[in-house]
Amino acid sequence: MADLATLLFTALGLVFFAAGTVGLIRFPDTFSRLHALTKADNLGLGFIALGVAFQAESWAQVARIALIWVLALLAAGAVAQLVARAALMRRGGA
Amino acid sequence: MTAALGLALDAALCALILGVALAVVAGRGVFRAVVFFIVYGLLAAVAWVRLDAVNVALAEAAIGAGLTGVLLLAAHGRLRRAEAAQDLAHGMPWSAALAGGALAAALGWAWFEMPIPVEPGPELAEALPRAGVGNPVTAVLLNFRAWDTLLESIVLLAALIGVWMLAREGDWREPLGRPQHARPGGVMAGFGRVLPPVGLLVGVWLVWAGADHPGGAFQGGTVLAAVGLVAVLAGVIRPPWIGAPLWQGALVLGPAVFLLAGIAGAVLAGGFLTLPEGFAKPAIVTIEVALTVSIAVTLAFLVLGPPEAEGAG
C-alpha cells in the first residue's frame, strides 16, 4: 500500500518535472522560463517528497523530508526573483 | 527486479556524470563550464551515496559542488569586471588535455592494479572501539590520521592569506569583499533573515552528529559558512576588515586547538597527536568544534574575497 502510494506520487512528481523542463527549453524569454521552472518543479518536488515520505520509518523522518521541501521552495522562490530582477536590469528596466 | 533497477540507475548516473564532465571541459565559455561543474559535483555526490559513502557525499555536495561552485562563479564575475579575455583561444589546449588524460589513465590503472580493500578493514574494526567516536570516518580523520587533518586546516588558512594578498593597499581597512547592495525589505533581505536560523541548526547538527553518524567539521563548517554568506549578501551583517582581532582569532582557533591537543598528547600520552583512550571522545569533540569555527570563517572569507572599496576593480 505504502509502495503504491510512493510510486503514484513520485510518478506524478516526475510529470511536473518533465513539464517544467519542457517549459524551460521551449519558452521564449527568461521570465516565462522561470515561471515554468519554479512553479512546476516546486510542485514536482512536493509530490516526490510526499511519495518518499510514505517510505519513512518515523514521523521525525517525515518532518525532515518536509523541511527539505520547504527549504527548496524558499530557495527556488528567492532565486527566481533575483534572476528575474537581474534579467530586468540587463534589459534596461527597473 | 530491485537489483536490475539499481543497475539501471547506476548506469544512468555514470552516463550523466561522464556527459556532464565532458560538457565542463569541452563546452564553450567559462560561465557554462562553471555551471556544468556544479551539476557535476551534485551528480558525484549522488554517486557517493550510491556507494554508501555518505560522509564523502556530504563533503562533495557542500564543498565540491557548493563552495567551489560559488568560488568559481565569483572568479568568473571578477574576470568579467576586469574585462579579461573570457573565452580562451579556439582550438584544443593540448597540454591541459594531455595532463588530464594522463591523470585519468593513471587513476584507471591504479583502480585495476590495487587490491580491493576489505571493508571496513579488520584493523579499523579492531581499533574503532578505542577511538572514542562511532563514525569510522571521524575516527580516522581526527584520531588515527589526525596529522593529515591538522595540515589540511593549515593549508586552508594559507589559501586565505594568499587571497588577501590580492587586496590593494588603499582597501586594506575596508570590509572584506565587494560592497553589497540588497534592497531593504526586498527578496534577498527577507531570504537572508529566514534561512540563517535553519542553516545554523543544520550546521551545528552536522558537526555534533559527525561523532557517530555521517557529518563532521568540514560538512558542518561549509553549511555555517553558507549561512554567513547569505546573511552578508542580504545586508543583515557586515563583513569585518582583515585585522579584526575576534575574527582573526576564529581563523586560527581550529589549528591552534588541534596543535595544542597534539602537543598535550606528546607530553601525556606518549606521542604527538596521540589521544589517550579515556579522553578521546571529549578531545575529538573539542577539536571538531574548534575546527568547525575556523573552517566556517575561512571558507566564508575565501568566498567574500579580498576587500574591495566602492568603484574599485
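Residues numbered from 1 in each chain as written. Chains lettered and ligands numbered in written order. Predicted model: local features only at pLDDT ≥ 70, side-chain atom pairs only at ≥ 80, totals over all residues. Heavy atoms only, no water.

Draft legend 1. Representation of the overall build of chain A within the structure. Looking only at helices and strands, chain A features three helices and zero strands. For chain A, the N- to C-terminal ordering of α and β elements is α-α-α. Against the 2.2 N^0.38 benchmark of 12 Å for 94 residues, chain A shows a C-alpha radius of gyration of 16 Å, more extended than a compact globule. Each principal axis of the C-alpha atoms in chain A carries an extent, and together these give about 55 × 25 × 10 Å. The 94 residues of chain A split such that 23% are buried. Long-range contacts, defined as pairs at least 24 residues apart, comprise 71% of the intrachain contacts of chain A with a sequence gap of at least 6. Approximately 6200 Å² of chain A is accessible, and the part contributed by carbon and sulfur atoms is 73%. Of the charged side chains in chain A, 7 are positive and 4 negative; the average position of the first set lies 19 Å away from that of the second. (Helix = DSSP H or I, 4+ residues; strand = E, 2+ residues; numbered from the N terminus. Rg over C-alpha atoms; globule rule 2.2 N^0.38 Å. Buried < 20%, exposed > 50% of the residue type's maximum accessible area, 1.4 Å probe, protein only. Contact = heavy atoms within 4.5 Å. Areas by Shrake-Rupley, 256 points an atom, 1.4 Å probe, with all protein chains shown as cover. Lys, Arg positive; Asp, Glu negative; His and termini not counted. Charge placed at Lys NZ, Arg CZ, Asp CG, Glu CD.)

Draft legend 2. Here's a closer look at the interface of chain A and chain B. Taken residue by residue, the interface counts nine residues in chain A and eight residues in chain B. Interface area, chain A with chain B, both sides summed: about 720 Å², of which 82% is carbon and sulfur. Area buried by chain A at its contact with chain B is led by Leu74, Leu82 and Arg85 of chain A, which between them contribute 46% of it. Summed over the shared surface of chain A and chain B, the result is zero salt bridges. Summed over the shared surface of chain A and chain B, the result is zero residue pairs in polar contact (both at pLDDT 80 or more). Across the side of chain A that touches chain B, the residue classes break down as six nonpolar, one polar and two charged. (Buried area = accessible area lost by both parts, 1.4 Å probe. Salt bridge = Lys/Arg side-chain N within 4 Å of Asp/Glu carboxyl O. Polar contact = N/O pair within 3.5 Å; in protein donor to acceptor, adjacent residues only side chain to side chain. Nonpolar A, V, L, I, M, F, W, Y, C, P; charged D, E, K, R; others polar.)

Draft legend 3. Local environment of the nonpolar core. Residue and element names in this part refer to chain B. In terms of nonpolar packing, the biggest core is built from 37 residues, with Trp164, Leu251, Phe258, Leu291, Leu299 and Phe301 touching the most fellow members. When residues of this core are traced back to their parent elements, those giving at least two are α6 (136-144), α7 (146-164), α9 (217-233), α10 (245-268) and α11 (280-304). Ranked by residue count, the leading element in this core is α11, at 12 residues. (Core = buried A, V, L, I, M, F, W, Y, C linked by side-chain atoms within 4.5 Å.)

Draft legend 4. View of the domain arrangement of chain B. Residues and elements named next belong to chain B. Segmenting chain B into domains produces domain 1 (1-117) and domain 2 (122-313). Listed per partner, the contact involves 11 residues of domain 1 and 15 residues of domain 2. A combined buried area of about 1200 Å² lies between domain 1 and domain 2, and 69% of that area is made up of carbon and sulfur atoms. The three residues of domain 1 that bury the most area against domain 2 are Asn55, Leu67 and Arg81, which together make up 43% of that side's buried surface. Taken together, the links from domain 1 to domain 2 amount to one salt bridge. Among the salt bridges present, the one from Glu308 reaches Arg78, with a minimum N-O distance of 2.6 Å. One can count two residue pairs in polar contact (both at pLDDT 80 or more) joining domain 1 with domain 2. Broken down by class, the residue content of the side of domain 1 that touches domain 2 amounts to eight nonpolar, one polar and two charged. (Domains from an automatic or database assignment.)

Draft legend 5. Just the packing of aromatic side chains, in detail. Enumeration over the complete set of coordinates arrives at six aromatic pairs over all chains. Taking 6.2 Å as the distance between ring centres and 40 degrees as the angle between the ring planes, the aromatic pair formed by Trp164 of chain B and Phe301 of chain B counts as tilted. Placement of Trp164 of chain B in helix α7 and of Phe301 of chain B in helix α11 is noted, with a sequence separation of 137 residues between them. Pair check on accessibility: Trp164 of chain B and Phe301 of chain B agree, each one buried. For the pair Trp247 of chain B and Phe301 of chain B, a centre-to-centre distance of 5.8 Å together with 50 degrees between the ring planes defines the contact as tilted. Of this pair, Trp247 of chain B sits in helix α10 while Phe301 of chain B sits in helix α11, placing them 54 residues apart in sequence. The rings of Phe9, Phe16, Phe47 and Phe54 of chain A are connected pair by pair, giving a single aromatic cluster. The ring of Trp208 of chain B has Lys281 of chain B lying over it, and the distance from NZ or CZ to the ring centre is 5.8 Å. (Phe/Tyr/Trp six-rings, centres within 6.5 Å; stacked < 30°, edge-to-face > 60°. Lys NZ or Arg CZ within 6 Å of the ring centre and 35° of its normal.)

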